[in-house]
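Letter by letter, the chains look like this.
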Amino acid sequence: MIEIKNLYKDFGKKKVLKGIDLTINKGDKIAIIGPSGCGKSTLLRCINMLEKPTKGEVIFNGINLCDKDVELNKIRQKMGMVFQQFNLFSHLSVIDNITLAPIKLGLMSKSKAEKEALRLLKLIDLSDKKNEFPNNLSGGQKQRVAIVRSLILNPDIILFDEPTSALDPEMVKEVTEVMKKIADDGMTMVVVSHEMSFVKEFASRVLFMDDGNIIEQGSSNDIFKHPKSERLKEFLSKIGN
Amino acid sequence: MEWLFNIWEFFVSIWDNFYYSVIYDRRYEFILEGLFNTVIIALFAVILGIVIGVCVALVRNYHDKTNKLKILDKIAKLYVNIIRGTPVILQLMIIYYVIFKSVDINIVIVGILAFGINSGAYVSEIIRAGINSIDAGQMEAGYSLGFTYSKVMRYILMPQAIKNILPALGNEFITLLKETSVGAYIGIIELTKASDIIASRTYDYFFPLIIIALIYLVMTLGLSKLVNMMEVKLNNDRD
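Fair warning: this is a prediction, and the values are worked out from it, not measured in the lab.

Cut-offs and rules
Residues numbered from 1 in each chain as written. Chains lettered and ligands numbered in written order. Predicted model: local features only at pLDDT ≥ 70, side-chain atom pairs only at ≥ 80, totals over all residues. Heavy atoms only, no water. Buried < 20%, exposed > 50% of the residue type's maximum accessible area, 1.4 Å probe, protein only. Helix = DSSP H or I, 4+ residues; strand = E, 2+ residues; numbered from the N terminus. Pairing = 2+ DSSP bridges. Right-handed = clockwise from strand over helix to strand, strands pointing away. Axes fitted to C-alpha atoms, helices over the stretch in contact; angles between N-to-C directions. Parallel < 35°, antiparallel > 145°, perpendicular 65-115°, else oblique. Left-handed = near helix turned anticlockwise from the far one by under 90°. Contact = heavy atoms within 4.5 Å. Nonpolar A, V, L, I, M, F, W, Y, C, P; charged D, E, K, R; others polar. Salt bridge = Lys/Arg side-chain N within 4 Å of Asp/Glu carboxyl O. Phe/Tyr/Trp six-rings, centres within 6.5 Å; stacked < 30°, edge-to-face > 60°. Lys NZ or Arg CZ within 6 Å of the ring centre and 35° of its normal.

**Thoughts on the pairing of strand β7 (residues 157-161) of chain A**
All names here are of chain A.
- Counted residue by residue, β7 has 5 buried out of 5 residues, so it is predominantly covered.
- Neither face of β7 is open: one carries I157, L159 and D161, the other I158 and F160, and all of them are buried.
- Relative to β7, strand β6 (residues 79-82) is paired through 4 bridges, and the arrangement is parallel. What sits directly across from M79, in β7, is I157.
- Relative to strand β8 (residues 188-192), β7 runs parallel, the two being bridged by 5 bridges. For D161, the partnering residue across the bridge sits in β8 and is V192.
- For the handedness criterion, the β-α-β arrangement of β7, helix α6 (residues 169-184) and β8 is classed as right-handed.

Right, dumping it as structure tokens:
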């Protein structure tokens, strides 16, 4: 579904990604782990072109997203993203947050979008909050709404950029539960996360990144139980694995 | 009893002043005409200012975000710098005595253009600051859902920015309303000019000046009340 070839990203003089190659297949549940500043989030943001790669290719369903004349907005409708800081639209109620894109992008009628939003709100157990504004929700509730907001467009893939890092510990579970539910329904997902217990349970493939490169990848069993590289061993010992 | 007579005399003379300043020879008509022109100029200049301000702010923001529209962005910056860097009275005179030198144009329209163009520069900076005050994540979330720049602006950033912008915008309109008095300089019969015309006939400045001062006050207080009401409404609508 997605093929990343020889991807480089510089911020000024700082080289953040140094030649990433990665293939993402339909149904993959990929977790990206690694020390802070290693380029995990940048890689994720290069996949939907929120950051423009300096060099290399990102090919999504046969289209090279780095080409100049690609209609990124059309592509992004098929590529959801969930942010660390939730980024719910603070001027809209929960239900309007969810229905804004399908309605304004002309993908659904208002009544169909609302019906669909209510179904999804039920799925995440927040039906009673549909008319609340984001400011009145807890972090975990906000993130669940944010997940549903990207889910309503029925994307081919959802990218999660540290979805639980801004949450109080007791709220992590309610978010990861929703993510597991979506994964079980067959969604292709790429998750940058520091939540190792979740990664172990969830990921069909784990990537370990350090210093702008993918150092090692494999099943969670390979990565956590049988690390090969010194850097991964060091990382795992630091996080107390 | 002489003190009583003096007080009587005093009130009679005040009445006389008022009579000759306002009523005699229908002099109130100058004030009405001045009020009309002041309101017309301020109203249309505000509209023109908003149109220019929004366009300039969007050009500059779009350039900041995408690095496109380089030439338009340069022009926008130049415009803002020139307008902010020169007195409004000078801009008014340049537009009237230089640009429209040999054109027969209604002087009130000259006023609308001059004050509108002037206000546009300040409004654009206010709007730009308002847009920049919104967290970058809002824009990214909009993009990630498949919105284009213009839809992100329209549905996500602007509705949030307007709340932050409103007090400064209200301030700008109050300033603009008062600043139309500069129009007297090129002979627009607005409020200040009207009072000047009356005073030049009676040689008495008291009533003409006090009356238009009160009119300005009523208008600006009304305007700030209106802005306050809109702020309250926007705050109630959201969160």
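**Remarks on the packing of helix α3 (residues 94-104) of chain A against helix α4 (residues 110-123) of chain A**
Residues and elements named next belong to chain A.
- Two numbers describe how α3 lies on α4: the axes approach to 9 Å, and their chain directions differ by 130°. With respect to α4, the element α3 is oriented oblique. When the axes of α3 and α4 are compared, the crossing they make is right-handed. For the pair formed by α3 and α4, the contact residues are V94, I95, I98, T99, P102 and I103 on the first element and K110, A113, E114, A117, L118 and L121 on the second.
- Considered class by class, the residues forming the contact of α3 with α4 number 9 nonpolar, 1 polar and 2 charged.

**Focus on the pairing of strand β1 (residues 2-11) of chain A**
Residue and element names in this part refer to chain A.
- Note that β1 and strand β2 (residues 14-24) share 8 bridges and pair antiparallel. The residue bridging D10 from the neighbouring strand is K15, located in β2.
- What sits between β1 and β2 in their antiparallel hairpin is a turn of 2 residues, with G12 showing a positive phi close to 60°.

**Regarding the pattern of salt bridges**
- Overall, the coordinates contain 20 salt bridges over all chains when judged by the stated rule.
- One network of salt bridges, with partners in common, ties together R60(B), D64(B), R84(B), E125(B) and R128(B).

**A few points about the sheet that holds β6(A)**
Residue and element names in this part refer to chain A.
- Taken in spatial order, the 6 strands line up as β6-β7-β8-β3-β9-β10 in an open sheet, and their pairing is mixed. Of all strands in the sheet, those bounded by a partner on one side alone are β6 and β10 (213-218). Averaged over all pairs of adjacent strands, the angle between their axes in this sheet comes to 20°, without regard to strand direction.
- Two elements, strand β9 (residues 205-210) and β10, share 5 bridges in a ladder whose sense is antiparallel. Residue pairing across strands places D210 opposite N213, the latter belonging to β10.
- Helix α1 (residues 40-47) rests against β3 (29-33), β6, β7, β8 and β9 of the sheet, and its axis sits at about 150° to β7.

**Observations regarding the packing of aromatic side chains**
- As enumerated under the stated definition, the model contains 13 aromatic pairs over all chains in all.
- A ring pair is formed by W15(B) and F18(B), whose centres lie 5.9 Å apart and whose planes are at 35°; its orientation type is tilted. One end of the pair is W15(B) and the other is F18(B), both in helix α1 (residues 2-23) and 3 residues apart, which spans about a single turn.
- On the accessibility criterion, W15(B) (47% relative accessible area) is partly exposed.
- Aromatic rings pair up to connect W15(B), F18(B), Y19(B), Y20(B), Y24(B), F206(B) and F207(B) into one cluster.
- Seen from the ring of F89(A), R149(A) lies directly overhead, with NZ or CZ sitting 4.4 Å from the centre.

Any link to function would need more than the numbers given here.
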